[in-house]
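# Observations on chain architecture
Spelled out from the first residue to the last, the chains are:
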Amino acid sequence: MTTAISTIWSKHMTKFVKNGEEWMATLFMPILWILLFGAGMKAMMGDMPLAGTNIAYIAFITPGIVALTALSGAVNGGATLLDEKLRGILKEYLVAPIPRLSILLGNMLSNVTKSLLQAVIILLVAVLMGAALTGNPFGWLLGLVLMLVFALGFVGIASAVAMRAPNTGSYHALIFLLNLPLLFASNALYPLQIMPTWLKVVSYINPTTYIIDLTRGLWFGTPMALNGLLSVGVVLAWGFLGTYLAYFSFSRAVR
Amino acid sequence: MTRQQELAIETAGLVKRYDGDVLAVDGLDLEIASGTAYALLGPNGAGKTTTISVLTTLLEPTSGSAKVSGFDVLREADRVRERIGVTFQDIVLDPDLTGRQVLDIHGRLYRQSKRERQEKIQALTQLVELEEALDRAVKTYSGGMKRRLELARGLMTEPEILFLDEPTLGLDPQNRAAIWDYLHQLRDEAGLTVLLTTHYMEEAEELADRVGIIDHGRLVTEGSPAELIEEMGADVISVTGQGARGAFLDAVKSLDFVERIDESEDGIQIGVDNGSHRLAELVSVASQDGFAIKDISISKPSLGDVFLKYTGRQLRDH
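Residues numbered from 1 in each chain as written. Chains lettered and ligands numbered in written order. Predicted model: local features only at pLDDT ≥ 70, side-chain atom pairs only at ≥ 80, totals over all residues.

The next thing to look at is the overall build of chain B. Scanning chain B from N- to C-terminus turns up 11 helices and 14 strands. Seen along its three principal axes, the alpha-carbon backbone of chain B occupies a region of about 75 × 45 × 40 Å. The 318 residues of chain B split such that 44% are buried. Contacts spanning at least 24 positions in sequence make up 73% of the contacts within chain B whose residues lie at least 6 apart. (Helix = DSSP H or I, 4+ residues; strand = E, 2+ residues; numbered from the N terminus. Buried ≥ 20, exposed ≤ 12 C-beta atoms within 10 Å, placed from the backbone. Contact = placed C-beta atoms within 7 Å.)

Structure (C-alpha cells):
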C-alpha cells in the first residue's frame, strides 16, 4: 500500500515541480490578496480590536488566505483526478495489483502537500508585510498540521465530486461554491462579533470559521473567539468526513 | 513461483450487460492455451473491448465466469493483476511525463526493484526502438511512438499474459508493421500468452495462432487462420450485378467447381477451386440467366470472407 501511495504521490509532485506555471498560478492569487487587499485595508482598518487585544489586519486575514488557497488547491486536485479518469489514465492503476484506496490517497496526499508548500510561502509573505508570529514554533507547526487536515477534508469533497462528474463542466458547476463563498461566509475577513445574526449562523456551520479561529491564535497569538477543543474537534471531524466521502464515491465509481 | 496453467484464459457463458440494457457480451465461451496468441476479430461494437475489460478486472461480469491464469477475475482479482500486462484502445499516457518516467512509475507500482526497472527499461526501449525519445515528454511523441511506449509499458512487469486492445488502431502501415515485428520477436518468450482484439483481418492473420470471430457479443466461429480460410475454397470470386439474381444463383449452385456461395447486401462471394480458370464460365452463366454483372473480381479468401460467411455482413476496415 505505501509503495503505491508514494509512487502516485511522487508522480504528481514531479509534475508539479516541473510545471512552473502551476506554481505561479496557485500562489499568484493569495499573494495578491495579501499585498493589495491586505495593504489597502490596513490603511483603512488599522488594527483589529479582538477580545481586548489588537491585531494587525494583515495578520487577521492571513489564515483566511491560506484557507482560500487550500480550497483552490482542492478544486484543482479534484480536476486532476477527473482529468485522469476521463483520459483513462486511472486505468493503468486499476489493472495494477495495488489497493484501490492507495490510488485515491496518493492523489489526495499530493494535493495536501502542495497546500503545505503554499501555506509556508504565504506565511512568509505575511510576516514580511508586518504580521507578527507568536514566539512558539510548536504553535506554528500545530496550526499548519490542522490547516492540512482542513485541506484534506475539502480535497476529499472535490475528489468525491470528481469521481461522479461525467465531464469537466458539471464538475465545476457542482464545486463552484468551494471558494470565495466559503471565505465570505466565515470569520476570515471580519470578526464574528460584528456579523449580523444570519451570517453568524452560517459561519458557525462553516468549518472554515473554526480553522481560521485556531490558526489566528496559534500563529499570531489572538485569543480565540471559539472553544479551542471544539474547533480542533470540528477540523478533525471535517478531515475525516471528506476523506470518507472520497473513498465512498471512489469505490462506487470503480470496480 | 507462478504455476503454468494449461489454459491461460477461460470464460464460460460470460455475459456483460451495461446499465440501460446494452448487452455487450452475450454468452462468450473462450479457451485460450498458455503460450499461444489469440485474436478476437470483429467489427466495432462487437464486444471486444468489453471482454478485455472484464478479463483485466476493470469490469465485473453480469453473469458467467472468467479465469485468467487460473484465477477468477471476480474473487481473485489481485492475483490476476499481478500476472497481466495491458494496452488499451485509447492512448492512456500522461502527456507531461517522459517515456522513461512512464515506464519507471509502472515498474514501481508493481514493486520492481530499481535494478530490475533499469534493466527492463533498457531492454524494452531497445525492442520498441524508442531510445532517442525516451527522455522527452510524451506529448512530443507521434501516435506511433505512443503506441510503442504503451507496448513497452505493458511488458515492463514480465506478464504471463499480454492483453492488447486494438494495438495498431490508427497507425500508418509502417508503424503497424513495426508493432507486428516486436510482437513476433516476443513470441519466442517462454510461455507468453497474447490475447489481442482487432478489426483488421490482416492483423489477425499475421499474429494469431487462433482466431475467434466475434459479432454482437458472441463467438460465431473459431479456429486457426489457415483452418478458417480453407473452409472458403481456394479462390473467391466476388460478383455484384442486377437482374435475375435468383436464376443466376441456382445456376451457379449447380456448377461442380463451386465450393460455396455467400450473399450479402454488397454482392455474392463464390468460392471456387481456381479463380482464373472458372471466371469465364461464371460470366457466361450470368449472361445466359439474365444477370447483368456490374463488377467481378478474384481474390484469395481472407478472414473478412469468413466473417461474411458467418454473419452475412462485411467486416469493414474503419
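Attention shifts here to the interface of chain B and chain A. Counting from both sides, the interface comprises 22 residues of chain B and, opposite them, 18 residues of chain A. Elements supplying a minimum of two residues to the side of chain B that touches chain A: α2 (77-81), β6 (84-87) and α3 (99-109) of chain B. Counting residues per element, the side of chain B that touches chain A draws most heavily on α3 of chain B, at five residues. In the side of chain B that touches chain A, the residues fall into nine nonpolar, four polar and nine charged. (Nonpolar A, V, L, I, M, F, W, Y, C, P; charged D, E, K, R; others polar.)

Moving on, we come to the packing of helix α6 (residues 137-164) of chain A against helix α7 (residues 168-175) of chain A. Residue and element names in this part refer to chain A. For the pair α6 and α7, interaxial distance at closest approach is 9 Å and the crossing angle is 145°. Between α6 and α7 lies a crossing whose hand is right-handed. Where α6 approaches α7, its residues Ala158, Val161 and Ala162 are matched on the opposing element by Tyr171, Leu174 and Ile175. Class assignment of the residues belonging to the contact of α6 with α7 gives a composition of six nonpolar, no polar and no charged. (Axes fitted to C-alpha atoms, helices over the stretch in contact; angles between N-to-C directions. Left-handed = near helix turned anticlockwise from the far one by under 90°.)

A separate point is the pairing of strand β11 (residues 235-243) of chain B. Residue and element names in this part refer to chain B. When β11 meets strand β13 (residues 267-272), the two strands line up antiparallel, connected through five bridges. Looking at β13, one finds that valine 239 is bridged to isoleucine 268. Relative to strand β14 (residues 291-299), β11 runs antiparallel, the two sharing eight bridges. Residue valine 236 lies in a different strand from β14, and its bridge partner there is serine 299. (Pairing = 2+ DSSP bridges.)

So, on to the nonpolar core. In this structure, Phe150 and Ala151 of chain A are the most contacted members of the largest nonpolar core, which totals 152 residues. If you count residues domain by domain, this core takes at least three from each of domain 1 (7-224) and domain 2 (233-300) of chain B. (Core = buried A, V, L, I, M, F, W, Y, C linked by C-beta atoms within 7 Å. Domains from an automatic or database assignment.)

Strand pairing within a sheet occurs via backbone hydrogen bonds; the two strands may be parallel or antiparallel. All names here are of chain B. Spatially, β6-β7-β8-β3-β9-β10 is the arrangement adopted by the six strands of the open sheet, whose pairing is mixed. Two strands lie at the open edges of the sheet, namely β6 and β10 (218-223), each paired on one side alone. Neighbour-to-neighbour, the strand axes of the sheet open up by a mean angle of 15°, direction not taken into account. The sheet contact formed by strand β7 (residues 161-165) and strand β8 (residues 193-198) spans five bridges and is parallel. When the sheet's bridge partners are listed, leucine 162 is paired in β8 with valine 194. Those strands touched by helix α1 (residues 48-55) are β3 (37-41), β7, β8 and β9 (210-215), and its axis lies near 150° from that of β7.

The next thing to look at is unusual backbone geometry. Residue and element names in this part refer to chain B. Look at arginine 111: it is not a glycine, yet its phi comes out positive at around 60°. Relative to the elements of secondary structure, arginine 111 occurs in the loop between α3 and α4 (114-127). Non-glycine residue glutamate 129 carries a positive phi angle of around 55°. With respect to the helices and strands, glutamate 129 occurs in the loop between α4 and α5 (143-155). With 14 C-beta atoms packed within 10 Å, glutamate 129 lands in the partly exposed category.

Here we take up the pairing of strand β2 (residues 22-33) of chain B. Residues and elements named next belong to chain B. As paired elements, strand β1 (residues 7-18) and β2 share nine bridges and run antiparallel to each other. When the sheet's bridge partners are listed, leucine 14 is paired in β2 with leucine 28. Two successive antiparallel strands, β1 and β2, enclose a turn made up of three residues, where glycine 20 displays a positive phi of approximately 85°.

In this section: the environment of leucine 178 of chain A. All names here are of chain A. Structurally, leucine 178 can be placed in the loop between α7 and α8 (180-184). Among the residues examined, leucine 178 registers 17 C-beta atoms within 10 Å and is labelled partly exposed. Each C-alpha atom, one on leucine 178 and one on valine 75, is 7.5 Å from the other, the two residues being 103 residues apart in sequence. Contact partners of leucine 178, with chain neighbours within four places excluded, come to Leu71, Ala74, Val75, Phe154 and Ala158.

The domain boundaries assigned to chain B delineate domain 1 (7-224) and domain 2 (233-300). Computed from C-alpha atoms alone, the centre-to-centre distance between domain 1 of chain B and domain 2 of chain B is 40 Å.

This part takes up the confidence of the model for chain B. Residue and element names in this part refer to chain B. With 97% of its residues at a pLDDT of at least 70, chain B reaches an overall mean of 90. Within chain B, the element-level pLDDT minimum falls on strand β12 (residues 258-264), averaging 83, and the maximum on β7, averaging 96. Interface confidence for the predicted complex, given as ipTM, is 0.84, next to a pTM of 0.86. (pLDDT = per-residue confidence, 0-100.)

For the rest of this paragraph, the subject is the sheet that holds β13 of chain B. All names here are of chain B. The four strands lie next to each other as β12-β13-β11-β14, forming an open sheet whose pairing is antiparallel. Each edge of the sheet is formed by a strand with only one pairing partner; in this case those strands are β12 and β14. With strand direction ignored, the average angle separating the axes of adjacent strands in the sheet is 20°. Pairing analysis gives six bridges linking β12 to β13, with the strands arranged antiparallel. Looking across to β13, one finds that aspartate 262 is bridged to glutamine 269. This element, helix α9 (residues 245-253), spans β11, β12, β13 and β14 of the sheet and lies at about 155° to β12. Its contacts with the sheet place helix α11 (residues 303-311) against β11, β12 and β13, and it is angled at close to 70° to β12.

Residues and elements named next belong to chain A. The terminal C-alpha atoms of helix α10 (residues 207-220) lie 20 Å apart, and with 14 residues this matches the ideal 20 Å at 1.5 Å per residue to within 8%. Most of α10 sits inside the fold, with 14 of its 14 residues counted as buried. Remark: glycine 221 follows α10 within two positions and exhibits a positive phi of approximately 80°. (Expected span 1.5 Å × (residues − 1).)

Attention shifts here to the packing of α10 of chain A against helix α11 (residues 228-253) of chain A. A pair of packed helices is captured by two measures, namely the crossing angle of their axes and the spacing between those axes. Residues and elements named next belong to chain A. Axis separation between α10 and α11 bottoms out at 9 Å; the angle between their running directions is 130°. When the axes of α10 and α11 are compared, the pair comes out oblique. The way α10 lies across α11 gives a crossing that is left-handed. Of the residues in α11, those touching α10 at Pro207, Tyr210, Ile211, Asp213 and Leu214 are Gly228, Ser231, Val232, Val234, Val235 and Trp238. (Parallel < 35°, antiparallel > 145°, perpendicular 65-115°, else oblique.)

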